[in-house]
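Next come the chains, spelled out residue by residue.
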Amino acid sequence: MPVETVLAAASAFLGDRLTTNAALREQHSHGEDTQPPVLPDAVAFVETTEEVSRLLALCHQEHVPVVAWGAGTSLEGHVTPARGGISIDLSRMNKVLDVSQPDMDCRVEAGVTRAQLNTHLRDSGLFFPVDPGTSACTIGGMCGTRASGTNAVRYGTMRENVMGMTVVLADGRVIKTGGRVRKSANGYDLTRLFLGSEGTLGIITEIQLRLHGIPEAISSATCQFPALANAVDSVIEILQIGIPVARMELLDDVQMDACIRYSKLDGLSAMPTLFFEFHGTEAAVAEQARMAEEIAQQHGAQGFRWATDPAERGKLWQARHDAYWACLALKPGYKGIATDAIVPISRLTEAVVGVKEDIAASGLTAPIVGHVGDGNFHTVILVPPEPDGLARAWELDKKIVARALSLGGSCSGEHGVGIGKREFLLQEHGSDALAVMRSIKLALDPRGVMNPGKIFLN
Ligand SMILES: Cc1cc2nc3c(=O)[nH]c(=O)nc-3n(C[C@H](O)[C@H](O)[C@H](O)COP(=O)(O)OP(=O)(O)OC[C@H]3O[C@@H](n4cnc5c(N)ncnc54)[C@H](O)[C@@H]3O)c2cc1C
């Protein structure tokens, strides 16, 4: 049996870090999603690039599937070992290798979490801005999904903040991509090819990241609106005028209700709400905030509340980051499907108001929350624990994607394709572009062992 051959050979260098323990296989059988779990044959806890290289070479030779695992927080079935094989867990590759203050960059192993990195950087005056809603996710996993978060409107996503990588290819070869320079016009951009490739082209073991200076002044605010359209119209105008907001998040009335209960937010009502954050010098922050407030008020905003004290600001943004868990707490026993549509900014009001109508028509509960500064918004569709619950939730998800695509948008702004979004790729990219993607996959992974069953339908 090929798997047994790999296990026998790999245990020589991994020892008991290669395991068939039932609980660990179960833990690595799914991510934070509603796809059916599939057990891997084994889990390997790797510690070096060399170990990853030796393991991939063996799996390539024996045609055994491999799935890279960071923290398993992805939302579309990305880490489900759809065809069995070995789940390669990189969480023990968790060293921050180098930080350069003058160059404002750092090199980390793939298993470093975003929270760990920012704790490490705390006294350096620098920070890493990409902040998915869970602090557990790893930098390698964030490269895998080309993640982003609330700061993307000002600091960009992984696409703008990854400078280079060490990648182990399917056959075990190790390559370095990119470098430490701020730009380069030297050949194909392999770094960006691997970003968002979901472990289907290679396994990233080290990453060179761009860092940013902690701003001199930060101020956060919330403001509430009588209707969803007023909130989204404010967002569009703030962006079009060019106010450099650092964060601008939308929560609809249902999401606000969930957050007020879950995070015990005082003084806010269950109404459509924008959360803002401004970064810069004292004077710049005051000016940006004044302009944003003026625009929001023209669109009917009530009760602009400022939070300049770090503790109060922290509470507000923690509530935003906990929005997913707040949704789940609304209906204990229900699962959640996080949707991830994105549209051009000018179509945002149409998209969000239309999705609210789709939700009402479905009879399901689905709070809306979003990184609207990028045109990206999520709903967490709460799946009723009934026989047709999942089918109803998927139907609503499809409607939301169809609406985004009809407005020139995309089925995923940041969560990725995994298993859940595969069916939309053809419509979004067209058959010729999809064929190019397939030929890249074939060139880098001719035996189809790298996270099979993801991105492409077959
Ligand atoms: C509550 C909650 C909120 C979230 N909010 C956001 C958000 O705001 N923005 C956002 O973008 N995402 C969000 N997510 C999704 C998730 O956190 C991201 O997709 C994250 O990037 C996954 O990181 P991970 O380490 O858990 O990766 P995993 O889930 O372990 O893996 C993700 C994918 O990357 C591949 N992979 C993992 N490590 C590597 C590697 N070293 N080399 C190559 N491929 C690799 C895996 O095979 C898989 O395909 C959220 C998830 C939750 C549960």
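Use the structure listed above.
Residues numbered from 1 in each chain as written. Predicted model: local features only at pLDDT ≥ 70, side-chain atom pairs only at ≥ 80, totals over all residues. Heavy atoms only, no water.

Some words on the overall build of the protein chain
The secondary structure content of the protein chain amounts to 17 helices and 19 strands. Overall, the C-alpha framework of the protein chain stretches about 65 × 55 × 40 Å when taken along its three principal axes. Of all 458 residues assigned to the protein chain, the portion counted as buried reaches 55%. Across the protein chain, contacts joining residues at least 24 apart in sequence account for 73% of those joining residues at least 6 apart. Of the roughly 18600 Å² of accessible surface on the protein chain, 53% is carried by carbon and sulfur atoms. Charge-centre separation for the protein chain: the mean point of 41 positive side chains lies 3 Å from the mean point of 53 negative side chains. (Helix = DSSP H or I, 4+ residues; strand = E, 2+ residues; numbered from the N terminus. Buried < 20%, exposed > 50% of the residue type's maximum accessible area, 1.4 Å probe, protein only. Contact = heavy atoms within 4.5 Å. Areas by Shrake-Rupley, 256 points an atom, 1.4 Å probe, with all protein chains shown as cover. Lys, Arg positive; Asp, Glu negative; His and termini not counted. Charge placed at Lys NZ, Arg CZ, Asp CG, Glu CD.)

Considerations on the site of the ligand
Taken together, 36 residues sit near the ligand, with A68, G70, T73, S74 and T138 positioned nearest. Contact distances for the ligand include 2.8 Å between a nitrogen atom and a backbone N or O atom of I204. Contact with the protein chains covers 97% of the free accessible surface of the ligand, which is 980 Å². Broken down by secondary-structure element, the contributors of at least two residues to the shell around the ligand are β3 (66-69), α5 (139-145), β10 (202-210) and α13 (323-330). Residue contributions to the shell around the ligand peak at 5 residues, all from α5. When its residues are assigned to classes, the shell around the ligand shows 15 nonpolar, 18 polar and 3 charged. (Near = heavy atom within 4 Å. Polar contact = N/O pair within 3.5 Å; in protein donor to acceptor, adjacent residues only side chain to side chain. Nonpolar A, V, L, I, M, F, W, Y, C, P; charged D, E, K, R; others polar.)

A look at the side chain of N451
Within the fold, N451 resides in the segment after α17 (431-444). A distance of 2.9 Å separates a polar atom in the side chain of N451 from the backbone oxygen of E198.

A few points about the sheet that holds strand β8 (residues 162-169)
The pairing of strands in a sheet happens through backbone hydrogen bonds and is either parallel or antiparallel. The sheet built from 5 strands is open, its strands ordered β5-β6-β10-β8-β9 with antiparallel pairing. Whereas interior strands pair on both sides, the edge strands pair on one side only; in this sheet they are β5 (96-100) and β9 (174-178). Taken over all neighbouring pairs, the strand axes of this sheet differ in orientation by 15° on average, direction set aside. When β5 meets strand β6 (residues 105-109), the two strands line up antiparallel, connected through 4 bridges. Bridge pairing in β6 places D98 opposite R107. Contacts from helix α3 (residues 49-62) reach β8, β9 and β10, with the element oriented near 45° to β8. (Pairing = 2+ DSSP bridges. Axes fitted to C-alpha atoms, helices over the stretch in contact; angles between N-to-C directions.)

Concerning helix α12 (residues 310-321)
In this model α12 runs 16 Å from its N-terminal to its C-terminal C-alpha over 12 residues, within 8% of the 16 Å that 1.5 Å per residue would give. Every buried residue belonging to α12 is among R313, L316, W317, A319, R320 and H321, and all of these are buried. (Expected span 1.5 Å × (residues − 1).)

Side note on unusual backbone geometry
Here E198, not a glycine, exhibits a phi torsion of approximately 55°, which is positive. Here E198 is to be found in the loop between α8 (190-194) and β10. According to the relative accessible area criterion, E198 is buried, its value standing at 7%. The phi torsion at I455 lies on the positive side, around 65°, for a residue other than glycine. Residue position: I455 is located in the segment after α17. Taking relative accessible area as the criterion, I455 reaches 10% and is therefore assigned buried.

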